[in-house]
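Close look at the chain arrangement
Listed below are the residues making up each chain.
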Amino acid sequence: MLNIRHLEEHFSHEIRKVFKNKFLTVVLILVAYFAFASWHFGLKDGFVIMLLTWSFFVLATPIPDGGIVLDLPLRYFLGFKMIHSEIFVWAFAILLNITNLLFNPEAYEKTFLLTIFKDILITPIPYYLIIVLSGVGTFFTLYIGDEVYDLLNFKSSVRHNSHKRKRDIIILISTIVFVLILYELLLTHLGVKFI
């Protein structure tokens, strides 16, 4: 006989493990990248490069990998919804880039990824579409993530299943458009032109 309570506990445990593993993976990548950047560019520049690279993943990818470093602990320890904390993450990432573009633009020349990111930031048309699509994908994913987190804590959330398909479609479309625009940007950046 199928024990529903056992399945709920198993599902809850597995999802929590996924959240924890994703968080730990992102933190480890940030720490490793900071160590690598500091070794190559010095401690101060390494820290700036790590922050700018983090802000690239916040602003220019349609999934909340960059913000998860702050969103998940705030949700877990303070109960602050991830979708709300991501607003502050985006505000910080935007201010960080405005400040560096104005006062430290040479920081973007240190790595290939940051030179691409600078091109995105200083070329509103068409590349701000990357940021818009990333915002849509990120915030919708976090909305669903908050729903799942509420389910794990046995709060009622009926909207999760109805939004799963919408989320998947938005992420898929965002990713396709992001890849196409980034691909074209990379080719242009490399001097490759189509006829």
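None of these values were measured; they are calculated from a predicted model. (Residues numbered from 1 in each chain as written. Predicted model: local features only at pLDDT ≥ 70, side-chain atom pairs only at ≥ 80, totals over all residues. Heavy atoms only, no water.)

Core analysis: the largest hydrophobic core is formed by 37 residues, its most contacted members being Leu52, Val58, Phe117, Ile120 and Ile130. For this core, the elements supplying multiple residues, two or more each, are helix H1 (4–41), helix H2 (43–59), helix H3 (68–78), helix H4 (82–103), helix H5 (112–122), helix H6 (124–152) and helix H7 (159–189). It is H2 that contributes the most residues to this core, nine residues altogether. Setting aside anything within four residues of it in sequence, one finds Ile120 in contact with Phe56, Tyr127, Tyr128, Ile130, Ile131 and Leu185. (Core = buried A, V, L, I, M, F, W, Y, C linked by side-chain atoms within 4.5 Å. Buried < 20%, exposed > 50% of the residue type's maximum accessible area, 1.4 Å probe, protein only. Helix = DSSP H or I, 4+ residues; strand = E, 2+ residues; numbered from the N terminus. Contact = heavy atoms within 4.5 Å.)

Aromatic ring pairs are described here by two measures, namely the spacing of the ring centres and the angle between the planes. Inspection of the entire model under this criterion finds eight aromatic pairs. Taken together, a centroid distance of 6.0 Å and an interplanar angle of 90° make the contact between Phe34 and Phe47 edge-to-face. With Phe34 in helix H1 and Phe47 in helix H2, this residue pair connects regions lying 13 residues apart in the sequence. Pairing Phe56 with Phe117 gives two aromatic rings, centres 5.3 Å apart and planes at 85°, and the pair type is edge-to-face. Of this pair, Phe56 sits in helix H2 while Phe117 is found in helix H5, placing the two residues 61 residues apart along the sequence. One exposure class covers both Phe56 and Phe117, and it is buried. Clustering of aromatic rings is evident, with ring pairs tying together Phe56, Phe57, Tyr108 and Phe117. (Phe/Tyr/Trp six-rings, centres within 6.5 Å; stacked < 30°, edge-to-face > 60°.)

Let us now look at the side chain of Thr61. Here Thr61 lies in the loop between H2 and H3. Using a relative accessible area of 9% as the deciding quantity, one classes Thr61 as buried. In this structure the side chain of Thr61 is engaged in a polar contact, spanning 2.5 Å, whose partner is the backbone oxygen of Phe57. With near-sequence residues (within four places) excluded, Thr61 lies in contact with Phe56, Ser134, Thr138 and Phe178. (Polar contact = N/O pair within 3.5 Å; in protein donor to acceptor, adjacent residues only side chain to side chain.)

Another point: the packing of H3 against H4. Angle between the axes and distance between the axes are the two parameters that describe a pair of packed helices. Contact pair H3 / H4: the axes reach a minimum separation of 9 Å and the direction vectors enclose 140°. By the angle class used here, H3 and H4 are oblique. Between H3 and H4 the crossing geometry is right-handed. Counting all contacts with H3, which are made through Leu70, Asp71, Leu72, Leu74 and Arg75, the residues of H4 involved are Met82, Ser85, Glu86 and Val89. (Axes fitted to C-alpha atoms, helices over the stretch in contact; angles between N-to-C directions. Parallel < 35°, antiparallel > 145°, perpendicular 65-115°, else oblique. Left-handed = near helix turned anticlockwise from the far one by under 90°.)

Their axes nearest at 9 Å, the elements H2 and H4 cross at an angle of 130°. Relative to H4, the element H2 is oriented oblique. You can see that H2 and H4 cross each other, and the crossing is left-handed. In this structure, H2 uses Val48, Leu51, Leu52, Trp54, Ser55, Val58 and Leu59 to contact H4, whose residues at the interface are Glu86, Val89, Trp90, Phe92, Ala93, Ile94, Leu96, Asn97 and Asn100. Of the residues belonging to the contact of H2 with H4, the class tally is 12 nonpolar, three polar and one charged. (Nonpolar A, V, L, I, M, F, W, Y, C, P; charged D, E, K, R; others polar.)

We now examine the pattern of salt bridges. Side-chain pairing between opposite charges can occur once the charged atoms of the two side chains come close. The tally for this structure, following the rule as stated, stands at three salt bridges. In this structure, Arg75 and Asp146 form a salt bridge, with 3.3 Å as the shortest nitrogen-oxygen distance. Taken together, the residues Arg75 in helix H3 and Asp146 in helix H6 connect sequence positions 71 residues apart. Each member of the pair, Arg75 as well as Asp146, carries the same accessibility label: buried. The salt bridge involving Lys118 is made with Glu109; its shortest N-O contact spans 3.2 Å. (Salt bridge = Lys/Arg side-chain N within 4 Å of Asp/Glu carboxyl O.)

Everything listed is a geometric property; what it means functionally is a separate question.
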